[in-house]
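Structural description and commentary
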Amino acid sequence: RAQSLFVDGNSQRMICPKEFQKLRRENLSLRKERDGAIASAKAIHRQQNELYDSFKLLREKYDDLKAELGYIMWEYIPTQQVDDISGLAELGRTNHAVFET
């Protein structure tokens, strides 16, 4: 006994039950693959967002450490009086009108 199945919106063809079941299994398999691909894409997107957030945090830490190092090297150290180290006073005061690029 054949069952009918719409192949496209305009035509109809008759297929046997075995072929119909085969097509249903293929359809189910393709749906599972599609769902897996969607889940993978969502996981990759989530990981990319987490990586970007981690990068932003790392960049903030880097900028803070760079500013702290600049202060230590060019403002704090030259003002210290250390008997064993000479030449710090000759560094002079920092010109804040000049920016590092």
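All residue numbers refer to positions counted from 1 along the written sequence of the respective chain. Where local features are concerned, this predicted model is filtered to residues with pLDDT of at least 70; where side-chain atom pairs are given and counted, the filter is 80 or more; whole-chain, interface and lining totals use all residues. Note that water and hydrogens are dropped before the side-chain values are worked out from all heavy atoms of the structure.

1. A short note on the overall build of the protein chain
Keep this limit in mind: The helix and strand labels rest on DSSP assignments: H or I over at least four residues marks a helix, E over at least two residues marks a strand, and numbering proceeds from the N terminus. Two residues qualify as a contact provided that any one of their heavy atoms is within 4.5 Å of a heavy atom in the partner residue. Using the Shrake-Rupley algorithm and a 1.4 Å probe, accessible areas are obtained, with residue cover drawn only from the displayed protein chains.
Along its length, the protein chain carries one helix and two strands. Shown N-terminal to C-terminal, the secondary structure of the protein chain runs as helices and strands in the order β-β-α. Within the protein chain, contacts between residues separated by at least 24 positions form 3% of all contacts whose residues are at least 6 apart in sequence. With an accessible surface of roughly 9,600 Å², the protein chain has 56% of that area assigned to carbon and sulfur atoms.

2. Brief notes about the confidence of the model for the protein chain
Note the threshold: pLDDT measures the predictor's confidence residue by residue and takes values from 0 up to 100.
In this model, the protein chain carries an average pLDDT of 82, and 72% of its residues clear a pLDDT of 70 or more. The secondary-structure element of the protein chain with the lowest mean pLDDT is strand 1 (residues 3-6), recorded at 53, while helix 1 (residues 17-76) shows the highest, at 94.

3. Here we look at the pattern of salt bridges
Put simply, the test is: Whenever Lys or Arg places a side-chain nitrogen within 4 Å of a carboxyl oxygen from Asp or Glu, that contact is recorded as a salt bridge. Relative accessibility under 20% of the residue-type maximum defines a buried residue, over 50% an exposed one, and the middle range a partly exposed one, all with a 1.4 Å probe and only protein chains included.
What the rule picks out here adds up to three salt bridges. One salt bridge connects D35 with R34, and the closest N-O pair in it is separated by 2.9 Å. Assessed through its relative accessible area of 46%, R34 is described here as partly exposed.

4. Some points on a nonpolar patch on the surface
Formally: Exposure above 30% relative accessible area and the lack of any salt bridge qualify a residue for a patch; like charges then connect within 9 Å, and the nonpolar side chains Val, Leu, Ile, Met, Phe, Trp and Tyr within 5 Å.
Taken together, L69, M73 and W74 make up a surface patch of nonpolar side chains, about 330 Å² in accessible area. Position of M73 relative to the elements: it lies in helix 1.

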